[in-house]
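Descriptive analysis of the structure
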Amino acid sequence: AQSVTQLDSHVSVSEGTPVLLRCNYSSSYSPSLFWYVQHPNKGLQLLLKYTSAATLVKGINGFEAEFKKSETSFHLTKPSAHMSDAAEYFCVVVRNFNKFYFGSGTKLNVKP
Amino acid sequence: GAVVSQHPSRVICKSGTSVKIECRSLDFQATTMFWYRQFPKQSLMLMATSNEGSKATYEQGVEKDKFLINHASLTLSTLTVTSAHPEDSSFYICSAEEPGAGETQYFGPGTRLLVL
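Residues numbered from 1 in each chain as written. Chains lettered and ligands numbered in written order. Predicted model: local features only at pLDDT ≥ 70, side-chain atom pairs only at ≥ 80, totals over all residues. Heavy atoms only, no water.

**Remarks on the overall build of chain A**
Regarding its fold elements, chain A presents zero helices and twelve strands. Listed N to C, the secondary structure of chain A is β-β-β-β-β-β-β-β-β-β-β-β in terms of helices and strands. For chain A, whose C-alpha radius of gyration is 13 Å, the value lies close to the compact-globule estimate of 13 Å for 112 residues. For the C-alpha atoms alone, the extent of chain A along its principal axes is close to 40 × 25 × 20 Å. Going through the 112 residues of chain A one by one, you find that 44% of them count as buried. Considering only contacts within chain A whose residues lie at least 6 apart along the sequence, 55% involve residues at least 24 apart. For chain A, the exposed surface amounts to about 5500 Å²; the carbon and sulfur share of it is 52%. Side chains of chain A give 11 positive and 7 negative charges; the mean places of these two sets differ by 7 Å. (Helix = DSSP H or I, 4+ residues; strand = E, 2+ residues; numbered from the N terminus. Rg over C-alpha atoms; globule rule 2.2 N^0.38 Å. Buried < 20%, exposed > 50% of the residue type's maximum accessible area, 1.4 Å probe, protein only. Contact = heavy atoms within 4.5 Å. Areas by Shrake-Rupley, 256 points an atom, 1.4 Å probe, with all protein chains shown as cover. Lys, Arg positive; Asp, Glu negative; His and termini not counted. Charge placed at Lys NZ, Arg CZ, Asp CG, Glu CD.)

**Digging into a nonpolar patch on the surface**
A cluster of nonpolar side chains, contributed by B:I12, B:L114 and B:L116, occupies part of the molecular surface with about 310 Å² of accessible area. By the secondary structure assignment, B:L114 is in strand β11 (residues 111–115). (Patch = residues over 30% accessible without salt bridge, like charges linked within 9 Å, V, L, I, M, F, W, Y side chains within 5 Å. Salt bridge = Lys/Arg side-chain N within 4 Å of Asp/Glu carboxyl O.)

**Side note on the sheet that holds strand β3 (residues 19–25) of chain B**
Residue and element names in this part refer to chain B. The strand order across the open sheet built from four strands is β1-β3-β8-β7, with neighbouring strands paired in antiparallel fashion. Strand pairing shows two members of the sheet lacking a second neighbour, β1 (4–7) and β7 (67–73), which therefore form its edges. Averaged over neighbouring strand pairs, the angle between their axes works out to 20° when direction is ignored. Sheet analysis places β3 next to strand β8 (residues 76–81), joined by six bridges and oriented antiparallel. What sits directly across from V19, in β8, is V81. (Pairing = 2+ DSSP bridges. Axes fitted to C-alpha atoms, helices over the stretch in contact; angles between N-to-C directions.)

Dropping the structure here:
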């Protein structure tokens, strides 16, 4: 069964406009959720994580995500895209204590 | 944040040979490390959990005799792809769990394996 779904494989925005990357999860309890970013030829970098504390989580580089239990969503947002944000973004749900299950990824393209 | 390294970054080998990939946590001790596989244009798939001082636990469908994992110390885990075949060509990524960091995993830069 799919644990985490990233609804968009590609998202394209103009520099300076808002970013929305969608993630929905399936779980019978409130899971831990992460967003990671993968730049070309670089390792995965942690953006932010939700671990049942505040539902609005702030991360690095101006990104934030809101955990909405009623919608089983954990969408990633940023008010103003920068060219350096172009990368692939992965939503991750943690199950079975510490096992990471990755979404299919969303490639973000930022146009000048 | 914590740093995880992998070696080699890329390797090309002939079919039938074995390849060893190292994963090191550079500035923290990791009792648990993980190995993932990423096919082109696809997501990461968890292969196995590597536990220091005990046997690795493999995900369903991953051949433990094909992908040998050894977690020799608190800073080193190795993945050996035995008798590699072209279908084993992939991007292999490791991660390490930092104790006290609340399930956060730090990822290595990955190793690209090409089997000819």
